Amino acid sequence: MAEVTVAKLAEIVGAPVDRLLMQMKEAGLEHSTAKELVSDDEKQTLLAFLKRSHGENTDTPKKITLKRKVTTQLKSSAGQGRNAKTVNVEVRKKRTYVKRSALEAKKSAEMLEVEVSRQEEEAIIAAQEAAKREAEETEQLAKEKGEATVAEEQQIEQPLEEAREAQADEVESEPEVQQPIQDEVETDSEEDETVEIKELSEHERRRLEREEIEALKAPDKKSKKVAKSKAPKKKWIEEADEEDIERPGPKRSYVQPKLAKPTKFLQQHSFSKPAAPVLKEVSIPETILVSELAQRMSVKATDVIKCLMKMDVMATINQAIDQETAVLVAEEMGRQYKLEEPKNFEQGILSEISYEGKEVARAPVVTVMGHVDHGKTSLLDYIRETKVTARESGGITQHIGAYHVETDKGMVCFLDTPGHAAFTAMRARGAQATDIVILVVAADDGVMPQTEEAIQHARSAGVPVVVAINKIDKEEADVDRVKNELAAKDVIPEEWGGDVQFMPVSAHTGEGVDQLLEAVLLQAEILELKAVPEAPAKGVVVEARLDKGRGGIATLLVQNGTLRQGAIILAGQVYGRARALMDENGKPVKSAGPSIPVEVLGLTGTPNAGDDFFVLKNEKQAREIAEYRRQQHKEATQAKQQAVHLENLFANMGEGQVQVLNIVLKTDVRGSLEALSTALENIGNEEVKVAIVSSGVGGISETDANLAVSTGAVVIGFNVRADASARKVIEENGIDLRYYSVIYDIVDDVKNALSGMLSPEYKETIVGVAEVRDIFTSPKFGSIAGSMVIEGTIFRNKPIRVLRDDVVIYEGELESLRRFKDDTNEVRNGMECGIGVKNYTDVRVGDKIEVFDLIVVERTL
C-alpha cells in the first residue's frame, strides 16, 4: 500500500486526527502534523501497539495443525448379490507445521544435550578406572603383608563412594536442557505421536525432596545405597529427524530432572492438635429432632437420649422435642445456646403484593345466623325467589351457602350458616368473613342456645347486628317477648334507646322483607365499605369439596380485587391455577369482583373452610409457600404429640379398659367434615370414646375400606357413597357401612353405640327382711334360724345379708326355706319360716336376714 498522510489515514479508520496523532506518539512514532506521511512499517507498528493496548496477542503463531477426514466404502466378497455387505471406512489425518525459528532452538538444545551426555560418560569411565586401580593396589598390598581387615576394606570402598557422589553432583550442576520443538512432523494416524516432557507435579516434587532429605541424613553407606535406589527415574524424549519427514527411528537422550533444595516447611508438621474441646454455640429452633440437636452440639445421639431420660422424657432419635426441652438438654451438657427466631417465609412474599388503586364502594357481605329451624334459609329463599330449603336434607342447612342478590336497593352478598349445635365453627367463620350479621329469631320460639352463640360470634368479630323477628304470621307469635329476651342478652332495640335495628318479618308471606333490606343497606352506608377492583384478588374460603371428575372445588368469597380465570391462587396449604370460575347457580363466569362468591376449579386439593386466599404472580411462589405451610403444620403436629414421661407410664397402665369406637368418616364438603369430627370427638367419657382413624372429603374408596378392616372401624358416609371396589371389600369382611344425609342422625347413632359399650350399672333393692326368733339344729342343713318376716317378702333364690346390730356380718345365699315342714319359694310379711343360710352357721337370735335384688340399669351418655 502506498504511503498516505496522517489526515488521510484518520479519514480511512474513522478517527479524529488529534486522537490518531496522540496514539502514534504513544506507539513511538515521530509524527506531529496531519500532513506528514505514514509508511507501511509505521502502520504495522501502530497496529501492533493498538492490539497490545486492547489485550490481544501480537505474536505470530509458531505451530499450525491441519486435520482431514476421508470416508470410503468397501464391499465384502463374502456375499453375493443382495447378500453383499458394504463397510464404510473413515480415515483421519493430522499434520502439524512448526516455525523455523523453533527448529533452530531445538538444534542448539540437541547439541548442548549431546555435549552433556559425552562429559557424563567420560567422568563415569574415569571414576571406574580410578576405583579399579585402587582396588588392584590394595589387593597387592594385602597379599604382601597378609593382614587386610574389614576396616581397611571399608576405607578402600569409601573413595569409590565419594567419587560417585562427586560425579552425581557434577551432573546435577549442569544447566537444565530446554524442551525441543519438532518441525514439520506428519502423522497418518489419529493419535499424535509427539511425546512431550511434562513438568513434575507438586506431589511428585515433594516426594523427591523427602527422599533426598532421607539420603542426606543416612549415617552409613547402606542408607546411601537405599537413597540412590530411590532416585528419580530417567525421562526420555523422542526426537524427530528434521530432514526426513518419515523418521527412520527415534533417538533418545537422557535428561536429569532438577531437584529443589529441602525447605523448613517440609521438616515440620502443619497441624497442631487442640488442647481442649471446642464448644460451639448451639442454635435451637421452635422444634428440633433429637438427631439434629446431637449433631449441632457435636455429641452422640445416645448421649442426648440419656440426658432426656434423666429428665423423665422418653424420646427416640427421630422424635421432635420442643424448644424448652432442647434448651434444658443444652444447659445440662454445658453448651451455650441461642434461640432461633421463627422465619416468616410467606410474609415476605405476600407483603410484596400491592393492593393500591382507586377505591370504589362495594356491596355488603351479610351473614344470616340464628337457631336451627328459625327460618334463616326460608327468609333467603324469599329474597332470592328460590327453593333452597326443599333441597336441604331434613329441612335444615348443613353447609355455608354463599349467594349474591340484585335488589332494587343494590346488590347484597348473603352467607347462610347452619343453626345446628354441631356447626359452631361454621358460624364463627361466617361471622369473621362478614360485614353485617342478620340475627333471625322465631317470634313463637324466642331466644335459644344457638341464638346466644350467634350473638357472641358477632360481638367477637366486631360486626353490627340487625335482628329479624321471623314467623310473625303465626298466631302464637310474640314480638315483645323476643325483644325482652334479647334485651336481657344486651341486644337493645333502637326504640328502647339501643343501637340495634329490629325488623319483624315473615318468610312465608314476605311481610317486612323490604324494610329488612333497607336496614341492611343503611347499615352498609354507615360502614362506608370500599374495595380496589384493579388489585389482585384476595378473600376467604367459604367451603370446599372434592368432585370425582373435576377434582378439588372451592367456594371463594372475594373481599378485595378481582379474581380472573387463569389466576394463580394460594389457599391455605393448597394452590393451583383457576381453570374455571362458576357462580352459585353453576354458570361459568370469566371474573368475580369484590363481594362476589364464586366456585373455583383447578386447586391441588381441598383447602380448609375459613382459610384466606391470595392471587400470586407465578406458580413457583405459590408452591413454595404451600410446601412451607405444610412443613410448618407437620412440625406443629409433631410438637403437639405428648411426650411419654415416666410418671405417665404407670398411670396409663390402668387405662386399658377404655372402650374405643373406631370410625372412618367421609363427607361431601370440608365444612361438614370439620363439624362432624368436632361433634363426634366430644362424645364419650372416661370409659368410652370415639377415635376417627381416617377422615376426608370425597367418596368412600377401597383404601378407606381396607383401613376399616384393619382397625375394625365403622364406615360413615355423609352425602357420599362407596365405589364398587370398596363395597366388595366391605361385603367380604362384614364391615358396618352407614350412609347419612342429616348430621344429627350421625350424632344420635354414635351416642347410642357408645351407650351400648358402657359397662352395666346395677341398682340394689331390698325386697324382704326376716328377724331370727330361735335356733334349731337339723342333721341335714345344720343350724336353722326360726324367723318371722317383718318386712316385704323372703325369696329363696335371691342373695341375702346377715345383719347383727344393723351391721352386715355375712353376705351369701339361702340354702333352704321352709314353712312348717314344706319347702317353699317365698314367704310373705307376717309369717313364720325356717331359714338355712348356706355355708354359715353362726346365726344368733336377734339377727336380721335381709333379702335383696340387683336390677341392671342401662347407662346413657
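Predicted, not measured: the structure shown is a model, and the values here were computed from it. (Residues numbered from 1 in each chain as written. Predicted model: local features only at pLDDT ≥ 70, side-chain atom pairs only at ≥ 80, totals over all residues. Heavy atoms only, no water.)

1. Digging into the overall build of the protein
Phase 1: When you go through the protein residue by residue, the secondary structure sums to 23 helices and 43 strands.
Phase 2: Within the protein, contacts between residues separated by at least 24 positions form 69% of all contacts whose residues are at least 6 apart in sequence. (Helix = DSSP H or I, 4+ residues; strand = E, 2+ residues; numbered from the N terminus. Contact = heavy atoms within 4.5 Å.)

2. A short note on helix H3 (residues 40-53)
Phase 1: Over its 14 residues, H3 extends 20 Å from the first C-alpha to the last, a length consistent with the 20 Å expected when each residue adds 1.5 Å.
Phase 2: Those residues of H3 that sit buried are Lys 43, Leu 46 and Phe 49. The buried residues of H3 occupy one face: seen down the axis, they fall within an arc of 125°. Across from the buried face of H3, at angles greater than 90 degrees, the exposed residues are Asp 41 and Gln 44.
Phase 3: Buried residues along H3 sit against strand S1 (4-5), helix H2 (17-26) and strand S2 (37-38). (Expected span 1.5 Å × (residues − 1). Buried < 20%, exposed > 50% of the residue type's maximum accessible area, 1.4 Å probe, protein only. Arc of directions from axis to C-beta.)

3. Quick word on the sheet that holds strand S31 (residues 659-667)
Phase 1: Spatial strand order, S32-S31-S33-S34: 4 strands in an open sheet with parallel pairing. Lying at the two open borders of the sheet, with one neighbouring strand each, are strand S32 (688-697) and strand S34 (737-740). In this sheet, adjacent strand axes meet at a mean angle of 25° when their direction is disregarded.
Phase 2: In this structure, S31 lies alongside S32, joined through 9 bridges in parallel fashion. Across the sheet, Ile 663 pairs through a bridge with Ile 692, a residue of S32. (Pairing = 2+ DSSP bridges. Axes fitted to C-alpha atoms, helices over the stretch in contact; angles between N-to-C directions.)

4. Description of the nonpolar core
Phase 1: Core analysis: the largest hydrophobic core is formed by 25 residues, its most contacted members being Val 366, Leu 379, Ile 383, Phe 414, Ile 438, Ala 468 and Leu 516.
Phase 2: Among the secondary structure elements, those contributing two or more residues to this core are strand S14 (365-370), helix H12 (376-384), strand S15 (401-407), strand S16 (410-416), strand S17 (436-442), strand S18 (465-470) and helix H17 (513-527). (Core = buried A, V, L, I, M, F, W, Y, C linked by side-chain atoms within 4.5 Å.)

5. Quick notes on H12
Phase 1: Among the 9 residues that make up H12, 7 are buried, leaving the element largely enclosed by the rest of the structure.
Phase 2: Every buried residue of H12 is listed here: Lys 376, Thr 377, Leu 379, Leu 380, Asp 381, Ile 383 and Arg 384.
Phase 3: Two residues or fewer past H12, Glu 385 is found with a positive phi of approximately 60°.

6. Quick word on the side chain of Gln 450
Phase 1: By the secondary structure assignment, Gln 450 is in helix H15 (residues 449-461).
Phase 2: Polar side-chain contacts of Gln 450 include one of 3.1 Å to the side chain of His 371. (Polar contact = N/O pair within 3.5 Å; in protein donor to acceptor, adjacent residues only side chain to side chain.)

7. Here we look at the packing of aromatic side chains
Phase 1: Under the counting rule described, the total for this entry stands at 1 aromatic pair.
Phase 2: Plain terms: the ring middles of Tyr 810 and Tyr 840 are 4.6 Å apart, the flat faces sit at 15° to each other, and that makes the pair stacked. Remark: Tyr 840 occurs in the loop between strand S42 (832-837) and strand S43 (848-857) and Tyr 810 occurs in strand S39 (residues 807-819); sequence separation between them is 30 residues.
Phase 3: Overall, Tyr 840 belongs to the buried group, its relative accessible area being 15%. (Phe/Tyr/Trp six-rings, centres within 6.5 Å; stacked < 30°, edge-to-face > 60°.)

8. Here we look at the pattern of salt bridges
Phase 1: Enumeration according to the criterion identifies 20 salt bridges in this entry.
Phase 2: Close ionic contact of Arg 818 with Asp 823 constitutes a salt bridge, the shortest N to O distance being 2.7 Å.
Phase 3: Classification of Asp 823 by relative accessible area gives partly exposed; the value is 49%.
Phase 4: Put simply, Arg 844 and Asp 842 hold a salt bridge, and the shortest N to O gap is 3.6 Å.
Phase 5: What makes Arg 844 partly exposed here is its relative accessible area of 46%.
Phase 6: Among the charged side chains, a salt-bridge network with shared partners connects Glu 764, Arg 801, Glu 811 and Glu 850. (Salt bridge = Lys/Arg side-chain N within 4 Å of Asp/Glu carboxyl O.)

9. Topic: the packing of helix H21 (residues 702-711) against helix H22 (residues 724-733)
Phase 1: It is at 7 Å that the axes of H21 and H22 come closest, and there the two elements cross at 20°. It follows that H21 is roughly parallel to H22 by the angle criterion. Every pair of crossing elements has a handedness; the one defined by H21 and H22 is right-handed. Here Glu 702, Ala 705, Asn 706 and Val 709 of H21 come into contact with H22, specifically with Ser 725, Ala 726, Val 729, Ile 730 and Asn 733. (Parallel < 35°, antiparallel > 145°, perpendicular 65-115°, else oblique. Left-handed = near helix turned anticlockwise from the far one by under 90°.)

10. A closer look at the environment of Val 466
Phase 1: Considering the arrangement of structural elements, one finds Val 466 in strand S18.
Phase 2: A C-alpha to C-alpha distance of 5.2 Å links Val 466 and Gln 501, two positions 35 residues apart in sequence.
Phase 3: In this structure Val 466 touches Ile 436, Val 437, Ile 438, Leu 439, Gln 501, Leu 516 and Ala 519, once residues within four positions along its chain are discounted.

11. Section: the pairing of strand S35 (residues 761-778)
Phase 1: Sheet topology places S35 next to S43; 10 bridges connect them, and they run antiparallel. Directly across from Glu 764, in S43, lies its bridge partner Leu 854.
Phase 2: Here 10 bridges tie S35 to strand S36 (residues 782-792), and the two strands are oriented antiparallel to one another. Note that in S36 the partner of Phe 776 across the bridge is Ile 784.

12. Some words on a nonpolar patch on the surface
Phase 1: Nonpolar side chains collect at one region of the surface, where Tyr 762, Leu 854 and Val 856 lie side by side and expose about 320 Å² of accessible area between them.
Phase 2: Considering the arrangement of structural elements, one finds Leu 854 in strand S43.
Phase 3: Judged by relative accessible area, Leu 854 falls into the partly exposed class, the value being 47%. (Patch = residues over 30% accessible without salt bridge, like charges linked within 9 Å, V, L, I, M, F, W, Y side chains within 5 Å. Areas by Shrake-Rupley, 256 points an atom, 1.4 Å probe, with all protein chains shown as cover.)

13. A word on the environment of Lys 25
Phase 1: Relative to the helices and strands, Lys 25 resides in helix H2.
Phase 2: Owing to a relative accessible area of 66%, Lys 25 belongs among the exposed residues under this scheme.
Phase 3: Considering only alpha carbons, one finds Lys 25 and Leu 46, 21 residues apart in sequence, at a separation of 9.4 Å.

14. Details of the confidence of the model for the protein
Phase 1: Looking at the protein, the pLDDT average stands at 76 and 74% of residues meet or exceed 70.
Phase 2: Mean pLDDT values for the elements of the protein range from 37 in strand S5 (residues 185-187) up to 92 in strand S38 (residues 799-804). (pLDDT = per-residue confidence, 0-100.)

15. Considering the packing of helix H1 (residues 6-13) against H2
Phase 1: Look at H1 against H2: their axes get within 9 Å of each other, and the N-to-C directions meet at 105°. On the basis of their axis angle, the class for H1 and H2 is roughly perpendicular. Across the interface between the two elements, Val 6, Ala 7, Leu 9 and Ala 10 from H1 touch Val 17, Leu 20, Leu 21 and Met 24 from H2.
Phase 2: For the contact of H1 with H2, a count of residues per class yields 8 nonpolar, no polar and no charged. (Nonpolar A, V, L, I, M, F, W, Y, C, P; charged D, E, K, R; others polar.)

16. Observations concerning unusual backbone geometry
Phase 1: Its identity as a non-glycine residue notwithstanding, Ser 298 has a phi of 60°, on the positive side.
Phase 2: Within the element layout of this structure, Ser 298 appears in the loop between helix H8 (290-297) and helix H9 (301-310).
Phase 3: Phi at Asp 806 takes a positive value of approximately 60°, unusual for a residue other than glycine.
Phase 4: When you line up the elements, Asp 806 lands in the loop between S38 and S39.

17. So, the environment of Gly 370
Phase 1: You can see Gly 370 is positioned in strand S14.
Phase 2: C-alpha of Gly 370 to C-alpha of Thr 451: the two residues are 81 residues apart in sequence and 4.9 Å apart in space.

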